[in-house]
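Take a look at the letters that make up each chain.
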Amino acid sequence: MNIQFLSIFIVLFTLSYLWVKRRFRFWRDRGFLQGNPSFPFGTLKGVGRSTTSAENLDYYYKKFKGKAPAVGLYNFLSPTLLPIDPELIKNILVRDFQSFHDRGFYFDKEGDPLSASILTLNGQDWKDRRVKLSPIFTSGKMKMMFDILDGISDKFVRTIVQEISNIDELEMRSWTQRLTIDNIGNVAFGIEPNCIEVKNSEFEQKCRRITGLTFFESLQFIFATEFPNLGRKLGVKFIPKEVSSFFLEAFIDAIKYRENNEVNRNDFVKLLLELKDIYTTKELASEAFLVFIGGFETSSTLMTFTLYELALNPDIQERLREEITNGIEENDGKLTYDMLFGFKYLDMVINESLRKYPPIPNQFRRAAKDYQIPNTKLVIPKGTNIQINSFSLQRDPEYFPNPEKFDPERFNEENIKNVQPYTNLPFGDGPRNCLGMRFGLMQSKMGIAKIIKSFVVTTTKRTPIPVKFIPPNPFLAPVGGMWLNLTKVQ
Ligand code: HEM
């Protein structure tokens, strides 16, 4: 009996071993150069524990750059392609978009309704949503929301003034998160989360839960992306249950309140409700929720690293303060939408911050059909996941000399023309690029403008120099927090 059991075990083990060995030859068999995989993580070794996904991809980008247009990697046992050549990246994102319209993200319409949004949907479902939602994000609609954000950021500055009368240094990642949560809670859910004034509110905790993934959750997410059907059967959730119930209820309450009280407010809730004949409440809630995820962590990341670099570069900070203060004073102390987007130096600073610290460091696509890479014999097989690492491109010294240097001049009127296409992708590119770019820029520029006009920002003993990124976090985030000193401008 024991011998029988042992024989079965040996046969199964040998078959599995041979299958895994064959799997790890996927790219080599198709003529691609490939990273060195090992069981069970493939080429993800250390991701989520000692390194971020962006830094892991960067390792392979550097290793294979100049040797091939793309390199084959393995997320666990699943083949994934890392494009290196900007020409190929252009083809994937724009020219041959019809072969790469999906992201291949995991979602579960039934078990986890908020996960099925424009970010995750595929094919025609995605296309229909994009067409219907795009009018919500025009600059005209953004202008309508400007005054709401203006009021909230003034409250933010007043609260910081009080805070710094007692405390020497502030953890600016959490402070900027509290600002963006209040902004988006207001415009996407029509409520006052009041995170700026009340530290660690329920709303704030729920938001942190969405993006602060544990190591296990980040592995679960990668696993479900690779094996979506199995993920659905196993009930893997993209969004923790308590968080999705909280946001679903908040959205339903907001709608009811609007209807019962005839509220007419210029925000995302109003614009989403204009689509209520086309979509169910759950579908609209999934989009409101996406505005939340898309809008809160990305913009706070952008503000956090911008403040960090301004603290490290006082000359740049001073020049920025001059531009903003003079602009506002010349307009009788009032900041307007057109002024905010007209500040040239602010735009250069924000662009440089997005280059060095892209809040979403990689872009995902999935091949919808077999695709032959032009001028080669290499074919990307249908169904393959693709990860474009903007983090690598934007820190590549060939495209951005001395990439560690924070230099807004890279984006002045003259130099910006020389940025090689498809090497700077903080908002992705092509028909599936970031839909909320204008809103993200509006709230981030507003936050930076108000902070820099009111405070001098400097480093402290706890400021992370050099900065390290939190390994399991899909967004770039500083280990240990971003501690900075803010002193009121006299
Ligand atoms: C600084 C802030 C932001 C950054 C850096 C950013 C970056 C990105 C990136 C890199 C993508 C993927 C693009 C691609 O795959 O080509 C994306 C997608 C998306 N973003 Fe943003 N984002 C920001 C703010 C926002 C905001 C505020 C919203 C909503 C109000 C938003 C909504 C979306 C949506 C809906 C998509 C998916 C579009 C689609 O699949 O059709 N983003 N964003």
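Residues numbered from 1 in each chain as written. Predicted model: local features only at pLDDT ≥ 70, side-chain atom pairs only at ≥ 80, totals over all residues.

Named according to an unreviewed UniProt entry, the protein chain is Cytochrome P450 originating from Chironomus riparius. Listed under Cofactor (unreviewed entry) in UniProt, the entry text for the protein chain is "heme". (UniProt positions renumbered as here; feature names shortened; annotations may be inferred.)

Visitor: Describe the environment of glutamate 283, with residues and values.
Guide: Relative to the assigned elements, glutamate 283 resides in helix H13 (residues 281–312). Since 18 C-beta atoms lie within 10 Å of it, glutamate 283 is described here as partly exposed. As a C-alpha pair, glutamate 283 and isoleucine 191 span 92 residues in sequence and 19 Å in three-dimensional space. (Helix = DSSP H or I, 4+ residues; strand = E, 2+ residues; numbered from the N terminus. Buried ≥ 20, exposed ≤ 12 C-beta atoms within 10 Å, placed from the backbone.)

Visitor: Tell me about unusual backbone geometry, and please be specific about residues and values.
Guide: Note the cis peptide between phenylalanine 39 and proline 40, where omega equals 0°. Within the secondary structure, proline 40 is located in the loop between helix H2 (26–29) and helix H3 (53–64). Cis geometry marks the peptide bond from isoleucine 465 to proline 466, where omega comes out at -5°. Considering the arrangement of structural elements, one finds proline 466 in the loop between strand E8 (455–459) and strand E9 (483–488). The backbone of aspartate 332 shows a phi angle near 55°, a positive value even though the residue is not glycine. Looking at the secondary structure, you find aspartate 332 in the loop between helix H14 (314–330) and helix H15 (337–342). Take aspartate 332: there are 6 C-beta atoms within 10 Å of it, and that puts it in the exposed class. With phi around 65°, asparagine 375 is a residue other than glycine that occupies positive phi space. Take asparagine 375: it is sitting in the loop between strand E5 (371–372) and strand E6 (379–380).

Visitor: Which residues make up the site of the ligand, and what values do they have?
Guide: As a matter of local geometry, the ligand sits amid 25 residues, with Gly294, Gly428, Cys434, Gly436 and Gly440 nearest to it. Counting residues per element, the ones that place at least two in the shell around the ligand are H13 and helix H18 (437–454). Here the shell around the ligand is built from residues that sort into 12 nonpolar, 10 polar and three charged. (Near = placed C-beta within 6 Å. Nonpolar A, V, L, I, M, F, W, Y, C, P; charged D, E, K, R; others polar.)

Visitor: Quick one: what's the story with the UniProt feature "binding site: heme" (unreviewed entry) in the protein chain, residue by residue and with numbers?
Guide: Following the UniProt record, the feature "binding site: heme" (unreviewed entry) maps to Cys434 here. Checked against the element boundaries, cysteine 434 lands in the loop between helix H17 (390–394) and H18. With sequence-adjacent residues up to four places away left out, cysteine 434 is seen in contact with Phe427 and Gly428. (Contact = placed C-beta atoms within 7 Å.)

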